[in-house]
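For reference, the chains in residue letters:
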Amino acid sequence: MHFIVVGAGAIGCYVGARLAQAGQQVSLVGRPAILGEIAVHGLTVSDMDGFNAHVPADRLRFAVSVANVDRSGGTPVVLLCVKGGATAQAAAEIGAVFAAKTVVISLQNGVDNVQRIRDAAPHLEVVAGMVPYNVVLSSPATVHRATTGHLHIGPSALSAKVAASCSAAGLPMEVVPNMQAVQWGKLLLNLNNPVNALSDKPLRDELMDRNYRIVLAALQTEALRAMDAAGIVPAKVASAPPRLLPKILRLPDFLFKVVAARMLRIDPAARSSMWDDLQKGRTTEIDDLCGAVVRLAQQHRTAAPVNAKLLKRVQAHRAGERMSGRALRELLVRT
């Protein structure tokens, strides 16, 4: 197979580097600044479990657009890793280049991207995916996986083969029939992304502040209520069942540290990708996270006021701003 990674950011570079290091054919499609650095220095990839490898530049192919991808080689499998707001355009570009039934796997946050891809390029075979872990792009040529978990993808003609190739490359992957449940289960966890972004703290430090956890618990409670109304049963993605997450988050610090020990197995430097977006003035994925909860609640006549308020707060964020846990809790959560 020939893996074409569209969106060579943190996730895309990590997945692409692991596949290339294992001998797979990999093309990276991304920003010229990032690809230029990798073309000069290669790509260094590591994880919190001790893996560390350097992938020379000549083991990778580079393209600044989908149209420029060298499509020679094995059966193409597109791994779409762009942010949700860029999905429709990226999908249209993929659709203009690749033949009918080409497999496109969405390795993106949120629950709406598969439909966006199908709308933009209905001739492609679109497969839902889920990335459970946080990846830090510490420089354009260095990526580090900072949390744990296994990749998930939905069924397709190539899913079993893709899962085998990824697993052999140190990217354990499971093929599951109900990706909607998995994606909503992951969204519950991703609701921490905006909280972390506004805190301006590493993930572990943020989670050890009960005020931030109270906010996250409120966001998740609204999301679970909306899912109940819609008949969606979220899959267990974290170490605890979805419905226990808000209760665990509300525990006092000393109990949380014990009960959530696996949840806190996070690299000390890890932060959410939304934090990075806010710091660099880029468009965030807030509409794919809190926005998705608000829309689901509206469709099924429930309320999600905390998600709605956080959505507006992130959209109004200015570079350099940070919010303490107490300030964010007082802004969003009625006590």
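Predicted model only: the values in this text are computed from it and were never measured.

Asker: So what exactly am I meant to see when it comes to the side chain of Glu 222 here?
Answerer: Within the secondary structure, Glu 222 is located in helix H9 (residues 210-230). In this structure Glu 222 is buried but unpaired, with Arg 225 as the nearest side chain of opposite charge at 4.5 Å. Glu 222 has contacts with Val 293, Ala 303, Ala 304, Pro 305, Val 306 and Asn 307, leaving out every residue within four places of it along the chain.

Asker: Any chance you could explain empty space enclosed by the protein here in plain terms?
Answerer: Rolled over the atoms, a probe as big as a water molecule pinpoints where empty space is left. A full pass over the atoms with the stated rule returns one cavity of 30 Å³ or more. For the largest cavity, the calculated volume is near 50 Å³. Only strand S8 (125-130) and helix H6 (179-190) provide two or more residues apiece to the lining of the largest cavity. No other element matches the four residues that H6 contributes to the lining of the largest cavity.

Asker: Is there a simple way to think about the state of the cysteines in this case?
Answerer: When the sulfur atoms of two cysteines share a covalent bond, that bond is a disulfide. Going through the model one piece at a time under the given rule, you end up with zero disulfides. Here Cys 81 is not disulfide-linked; the sulfur of Cys 13 is the nearest cysteine sulfur, at 9.1 Å. Just so you know, Cys 166 is unpaired, no disulfide at all, and the nearest cysteine sulfur is the one on Cys 81, 10 Å from it.

Asker: What is the right way to read the packing of H9 against helix H15 (residues 325-332) from this model?
Answerer: Geometry of a packed helix pair, given as the angle between the helix axes and the separation of the axes. H15 packs onto H9 with a crossing angle of 30° between their chain directions and a minimal axis gap of 7 Å. Considered as vectors, H9 and H15 are oriented roughly parallel to each other. Crossing angle aside, the handedness with which H9 passes H15 is left-handed. Listed contacts from H15 to Arg 210, Asn 211, Tyr 212, Ile 214 and Val 215 of H9 are Gly 325, Arg 326, Leu 328, Arg 329 and Leu 332. Here the residues of the contact of H9 with H15 sort into five nonpolar, two polar and three charged.

Cut-offs used in this document
Residues numbered from 1 in each chain as written. Predicted model: local features only at pLDDT ≥ 70, side-chain atom pairs only at ≥ 80, totals over all residues. Heavy atoms only, no water. Helix = DSSP H or I, 4+ residues; strand = E, 2+ residues; numbered from the N terminus. Buried < 20%, exposed > 50% of the residue type's maximum accessible area, 1.4 Å probe, protein only. Lys, Arg positive; Asp, Glu negative; His and termini not counted. Salt bridge = Lys/Arg side-chain N within 4 Å of Asp/Glu carboxyl O. Contact = heavy atoms within 4.5 Å. 1 Å grid on protein atoms, 1.4 Å probe; cavity = no way out; pocket = protein on both sides within 12 Å on 5 of 7 lines; lining within 4 Å. Points joined across faces, edges and corners; volume = space filled by probe spheres on them. Disulfide = S-S within 2.5 Å. Axes fitted to C-alpha atoms, helices over the stretch in contact; angles between N-to-C directions. Parallel < 35°, antiparallel > 145°, perpendicular 65-115°, else oblique. Left-handed = near helix turned anticlockwise from the far one by under 90°. Nonpolar A, V, L, I, M, F, W, Y, C, P; charged D, E, K, R; others polar.

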